[in-house]
Amino acid sequence: MEMMIRGRRNRRTAAVRGLVRETRLHVEDLILPLFFHIDGDDVAIESMPGCTRWSLQGLVAEVKSAYSLGIRAVVLFPKIEEDLKSPNGAECANDSGLVPTAIREIRKACPGMCIITDVALDPYNSDGHDGIVVKEGGKLEILNDETVEVLCAQALCHARAGADTVAPSDMMDGRVGAIRVALDEEGFTGVGIMSYTAKYASAFYGPFRGALDSAPKEGDKKTYQMDPGNAREAIRELLMDEEEGADIVMVKPAGPYLDVIARLRDETTLPIAAYQVSGEYLMIKSACSGGWLDEKAVVMESLLGIKRAGADMILTYFAKDVASWLKNSLE
Ligand code: PBG
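Now for a quick tour of the structure. (Residues numbered from 1 in each chain as written. Predicted model: local features only at pLDDT ≥ 70, side-chain atom pairs only at ≥ 80, totals over all residues. Heavy atoms only, no water.)

What follows is about the pairing of strand β1 (residues 30-36). With respect to burial, β1 is a largely interior element, seven of its seven residues being buried. Neither face of β1 is left uncovered, since the one carrying Leu30, Leu32, Leu34 and Phe36 and the one carrying Ile31, Pro33 and Phe35 both have all their residues buried. By the bridge criterion, two bridges tie β1 to strand β12 (residues 313-316) in an arrangement that is parallel. From the neighbouring strand, isoleucine 31 faces β12, where its bridge partner is leucine 315. When β1 meets strand β4 (residues 73-78), the two strands line up parallel, connected through five bridges. Along β4, the bridge assignment pairs leucine 34 with leucine 76. Pairing of β1 with strand β3 (residues 52-54), which is carried by two bridges, proceeds in the parallel orientation. (Buried < 20%, exposed > 50% of the residue type's maximum accessible area, 1.4 Å probe, protein only. Helix = DSSP H or I, 4+ residues; strand = E, 2+ residues; numbered from the N terminus. Pairing = 2+ DSSP bridges.)

Here it is, written out as structure tokens:
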């Protein structure tokens, strides 16, 4: 056949494929989410096989182990004891609470690690919602402005303990701007905000809520998290977060929302993070544990897809596996 153009020429050898490859994963792209609690034991998380809820000591060791693999960012998720939970989640701003203690320990043991903290009330709130709940005439309402005040106190508490970046995952209106002002007023102008900009009301968070025992006691999160059918609305959230001073914007979940990542990529010059959430993790894990899929190949492809869509960084429970695979592939 006579053909001027043959696409297969650029796929002929591994060397050529390497030259023309458009997207690559680096260990610097990865953010490792970590679960921990006050108990002395490291506990396997039933809803997320392969993940552990660490003791403080175990957490610090895990951070060091991640660092030695090249991972430079972690995000912290605490499981709070039931008797510390309250309707307004006040424990979230306790300077000697679990999260600030963990931040200080990690900072001491692993000074180079970027420490990102989750800002939301669901681990602290007796209702399991990201904001303060009131019930009127049997109807649940999540208060916005009152919640934002508590979130500011929580962000300040994390900043005082030494967090590099706070990540509001609550989806209350106006929280990014309010947190920015609160941080700046206390002199924390260098503490960044990674905003959960387009966080969808997704069924893929189930295993995470199992890990932290943080599922809503009543109702769902649809009055604050976004409707899965909406993409234009993500741009609206993006514009607000940009105006309010977000440093990094996030799309969550990642895999089922690649179009949203791509649209945000077109609309913003800010770095974009994507969160491969617990349900995405569990789907891959389950399929691979049955031998139906090749775990390494599928994980790498799922993350590459997220990067190709436009994400600069990815939060993933596979971060340590990926870091060691990437390391070995260079050797
Ligand atoms: C809580 C929070 C959630 C996740 C991260 N922060 C759960 C939720 O919003 O219900 C989910 C992460 C995952 O599923 O891996 N604000």
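Moving on to a negative patch on the surface. Taken together, Glu136, Glu141, Asp145, Glu146, Glu149 and Asp173 make up a surface patch of like negative charges. Here the negative patch gets three residues from one element, more than from any other, and that element is helix α4 (residues 145-161). The class of glutamate 149 is exposed, set by a relative accessible area of 63%. (Patch = residues over 30% accessible without salt bridge, like charges linked within 9 Å, V, L, I, M, F, W, Y side chains within 5 Å. Areas by Shrake-Rupley, 256 points an atom, 1.4 Å probe, with all protein chains shown as cover. Salt bridge = Lys/Arg side-chain N within 4 Å of Asp/Glu carboxyl O. Lys, Arg positive; Asp, Glu negative; His and termini not counted. Charge placed at Lys NZ, Arg CZ, Asp CG, Glu CD.)

Enumeration according to the criterion identifies four cavities of 30 Å³ or more in this entry. In this structure, the largest cavity spans a volume of roughly 170 Å³. Where the lining of the largest cavity is concerned, the elements lending two or more residues are β4 and α6 (206-212). Here the lining of the largest cavity takes three residues from α6, the largest share from any one element. (1 Å grid on protein atoms, 1.4 Å probe; cavity = no way out; pocket = protein on both sides within 12 Å on 5 of 7 lines; lining within 4 Å. Points joined across faces, edges and corners; volume = space filled by probe spheres on them.)

What follows deals with the site of the ligand. Among the 18 residues in the neighbourhood of the ligand, the closest are listed as Lys199, Arg209, Lys252, Ser278 and Tyr317. Side-chain polar atom of lysine 199 to an oxygen atom of the ligand: 2.6 Å apart, as the coordinates give it. Between the ligand and lysine 252 there is a distance of 3.4 Å, counted from a nitrogen atom to a side-chain nitrogen or oxygen. Contact with the protein chains covers 100% of the free accessible surface of the ligand, which is 400 Å². More than half of the atoms of the ligand fall within 2 Å of the grid points belonging to the largest cavity. (Near = heavy atom within 4 Å. Polar contact = N/O pair within 3.5 Å; in protein donor to acceptor, adjacent residues only side chain to side chain. Sits in = over half its atoms within 2 Å of the grid points.)

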